[in-house]
Amino acid sequence: MAESTVRGRGDRRLRWLLASSAASNLGDGIGKVAFPLLAVTLTRDPLLIAGLSATQFLPWLLFALSAGALLDRIDRRRAMILANSARAVVVGGTAALVAAGGVTIWMVYVAALLIGVAEVVADSAANVLIPAVVGEGSLDGANSKLQACEIVGQTFLGGPIGSATFALFAAFPFLLNSVGFAIAAVVLIGLAGSYRARPSTEASESSRTALRTELAEGFRWLKHSGLVLRLVVVAGLISLVSELAQAQLVLYAIDFLRLSEAAFGVFALVGGIGGLLGAGVAPRLVKVSSRRAVLIGGTACCGVAFTGMGLTSSPIAGAALFGLFAAAVVAVNIVLGTARHKLVPGELLGRILGVWRTVVWGAIPIGALLGGLLTHALGPPARTFLTSGLLLFGVAGFAFVSLRRGAFDDETATEVRVLHQDQ
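Residues numbered from 1 in each chain as written. Predicted model: local features only at pLDDT ≥ 70, side-chain atom pairs only at ≥ 80, totals over all residues. Heavy atoms only, no water.

K.L.:
What is the right way to look at the side chain of R77 in this model?
P.N.:
Summarising the element assignment, R77 is placed in helix α3 (residues 76–100). Buried within the structure, R77 lacks any salt-bridge partner; D75 is the closest side chain of opposite charge, at an N-O distance of 4.5 Å. A polar contact is formed between the side chain of R77 and the backbone oxygen of L188, at a distance of 3.1 Å. Those residues within four positions of R77 in sequence are excluded, and the remaining contacts are L129, L188, I189, L191, G193 and Y195. (Helix = DSSP H or I, 4+ residues; strand = E, 2+ residues; numbered from the N terminus. Buried < 20%, exposed > 50% of the residue type's maximum accessible area, 1.4 Å probe, protein only. Lys, Arg positive; Asp, Glu negative; His and termini not counted. Salt bridge = Lys/Arg side-chain N within 4 Å of Asp/Glu carboxyl O. Polar contact = N/O pair within 3.5 Å; in protein donor to acceptor, adjacent residues only side chain to side chain. Contact = heavy atoms within 4.5 Å.)

So, in structure tokens, the structure goes:
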């Protein structure tokens, strides 16, 4: 009876968190379409347009580590509420400027940067809150649902809503974006309880500890963790190698497969469908096999997908293979997220997530640049997809060798936590 009560309480808390995440991801999806569309109305300079994309991405490189350390100090729910509230205010102000006709490209840059900083805090807080609202036995399902919220909000709903409402009235999508973030903040009020990483009795000591010292503590733990460090390396390699091809996806679809711009939208939508399937299937695969098997098999499936895309000139086959890639990479992300939640002590989770995302997100622009150089050197973008696919097989092989069997079992999680206590 007590167990069912605890489970029911965890289900309610997870629903509040997922509802907030769904609203904020819808806002993200609208904004990722509306901001570039607004920029194009203000300037046709390709450098300024490209710079906006870099500005939206930059906060993850600059602030992921410090945000992670901050989340290990404060109540994570309150941090998420404040971050979403800040995003609502900034986007609402942008909507007002657009409606008044007083916005400039530099104001768009500033707004994108401020929203990006708040996004780092909000998204990181949502991730580290998962273990606090569900039991260890429900982590795979919770991570799967969080991934599904992101895919549906950003791919299926946010993008189309953003483009359609911008065509009606330029300020409209920003107003909707602001409302979405405001709802995300308000919903979290229903998530009762305290979600501070450290016990309240240590609060005064924590407040005197420099963030630099706490970051150093996180780096020391990661250095000696062995398994978690190898998982960070695997995640970074997957991000780097897959981005070689993903950065060339538009060229692959339009120049190589000869798709129209409208058909490319359908092509990308297949990826969203694949991602949803991956989110639904991953927890079941873990139950019938193991997290290690899903991680290695999923990475290998990514290799199969990109290798196949490099070898086919059929748009239907290419779209199906891209859907396979999306399903596989989402399944891999769910396994990695659950492993991180199981293996990292709660009081260090924010810092380790900061390091993790700095590595993974930092690999994206590097991979994109290398992918462009590969296409320039090899010719058709299909050859870059083939190269990326073959390298992903290598990453799967590295994961197979470096991650021992049973690596994600609860017993191992206990051992890694004990390692922190012994330092």
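From this point, the discussion proceeds with the structure in view.
K.L.:
What is the right way to read the nonpolar core from this model?
P.N.:
Within the largest apolar cluster, 88 residues are counted, with the highest numbers of intra-cluster contacts made by I130, V228, L231, F267, M309 and W356. Of the residues forming this core, the biggest block, 14 residues, is contributed by helix α13 (residues 315–343). Mapped onto the domain boundaries, this core takes at least three residues apiece from domain 1 (1–192) and domain 2 (206–422). (Core = buried A, V, L, I, M, F, W, Y, C linked by side-chain atoms within 4.5 Å. Domains from an automatic or database assignment.)

K.L.:
Is there a simple way to explain α13 in this structure?
P.N.:
Within an α-helix, residues lying three or four positions from one another point in the same direction, as the helix has 3.6 residues per turn. Its 29 residues give α13 an end-to-end C-alpha distance of 42 Å, which sits within 8% of 42 Å, the value for a rise of 1.5 Å per residue. Counting buried residues along α13, 23 of its 29 residues qualify, which places the element largely inside the surrounding structure. (Expected span 1.5 Å × (residues − 1).)

K.L.:
Got a minute to help me understand unusual backbone geometry in this structure?
P.N.:
Of all residues except glycine, most have a negative phi; of all peptide bonds, most are trans. Non-glycine residue R258 carries a positive phi angle of around 65°. Here R258 lies in the loop between α10 (249–256) and α11 (261–288). The class of R258 is exposed, set by a relative accessible area of 68%.

K.L.:
Even after reading the chapter, I still don't get the pattern of salt bridges, so can you show me in this structure?
P.N.:
A side chain with one charge can pair with a side chain of the opposite charge if their charged atoms come near. Applying the stated criterion across every chain yields a total of 5 salt bridges. For R87, the salt bridge identified is with D28, shortest N-O distance 3.0 Å. Of this pair, R87 sits in helix α3 while D28 sits in helix α1 (residues 2–42), and the two are 59 residues apart along the sequence. In this pair, the class of R87 matches that of D28, namely buried. Between D72 and R351 there is a salt bridge whose closest N-O contact spans 2.7 Å. Of this pair, D72 sits in the loop between α2 (46–71) and α3 while R351 sits in helix α14 (residues 349–378), and the two are 279 residues apart along the sequence. Of the two residues examined, D72 and R351, each falls in the buried class. By sharing partners, the salt bridges in this structure join D72, R76, E217 and R351 into a single network.

K.L.:
Sorry, what's going on with the packing of helix α4 (residues 105–133) against α14 here?
P.N.:
A pair of packed helices can be characterised by two numbers: the angle between their axes and the separation between those axes. Between α4 and α14, the shortest axis-to-axis distance is 10 Å and the interhelical angle comes to 130°. Taken together, the axes of α4 and α14 lie oblique to each other. Classified by chirality, the crossing of α14 by α4 is right-handed. From α4, D123, S124, N127, V128 and P131 reach across to α14, where they touch L349, G350, L353 and R357. Residues that form the contact of α4 with α14 fall into these classes: 4 nonpolar, 3 polar and 2 charged. (Axes fitted to C-alpha atoms, helices over the stretch in contact; angles between N-to-C directions. Parallel < 35°, antiparallel > 145°, perpendicular 65-115°, else oblique. Left-handed = near helix turned anticlockwise from the far one by under 90°. Nonpolar A, V, L, I, M, F, W, Y, C, P; charged D, E, K, R; others polar.)

K.L.:
Hey, could you run me through the packing of aromatic side chains in this one?
P.N.:
Given two aromatic rings, their pairing is described by the distance between the two centres and the angle made by the two planes. By the definition in use, this model includes 9 aromatic pairs. Both rings, one in F35 and one in F174, keep their centres 5.1 Å apart while their planes meet at 85°; by these two values the pair is edge-to-face. In this pair, F35 is assigned in helix α1 and F174 in helix α6 (residues 172–187), connecting sequence segments 139 residues apart. Judged by centre distance (5.6 Å) and plane angle (20°), the ring pair of F267 and F322 falls under stacked. With F267 in helix α11 and F322 in helix α13, this residue pair connects regions lying 55 residues apart in the sequence. An aromatic cluster is built from Y252, F256, F267, F306, F322, F325 and F385, whose rings are joined through pairwise contacts. (Phe/Tyr/Trp six-rings, centres within 6.5 Å; stacked < 30°, edge-to-face > 60°.)

K.L.:
How should I be thinking about the packing of α3 against α6 in this particular structure?
P.N.:
Where α3 contacts α6, the axes come no closer than 8 Å and their chain directions differ by 165°. Compared by their axis directions, α3 and α6 come out roughly antiparallel. Handedness of the crossing formed by α3 with α6: left-handed. For the pair formed by α3 and α6, the contact residues are I81, N84, S85, R87, A88, V91, G92, T94, A95 and V98 on the first element and F174, L175, N177, S178, F181, A182, A184 and A185 on the second. When grouped by side-chain class, the residues that make up the contact of α3 with α6 number 11 nonpolar, 6 polar and 1 charged.

K.L.:
Quick question: what am I supposed to make of the environment of V117 here?
P.N.:
Mapped onto the elements, V117 comes out in helix α4. Along the chain, V117 and R87 lie 30 residues apart, while their C-alpha atoms are 9.2 Å from each other. Discounting residues that sit within four places of it in the chain, V117 has contacts with P59 and F63.

K.L.:
I would appreciate a short explanation of the confidence of the model for the chain in the present structure.
P.N.:
Across the chain, the average pLDDT comes to 84, with 87% of residues at 70 or higher. Segment residues 199–208 is flagged for pLDDT under 50; beyond a separation of four residues in sequence, or across chains, it makes 4 contacts in the model. Across residues 411–423, where pLDDT falls below 50, the model places 28 contacts with residues more than four positions away in sequence or in other chains. (pLDDT = per-residue confidence, 0-100.)

K.L.:
Where do I start with helix α5 (residues 139–168) in this structure?
P.N.:
Helix length check: α5, at 30 residues, gives a terminal C-alpha distance of 42 Å against a target of 44 Å (1.5 Å per residue), a fit within 8%. The largest bend in α5 amounts to roughly 45° and is located at G158, with the proline P160 lying one to four residues further along. (Bend = angle between axes of the 7 residues up to and from the residue.)

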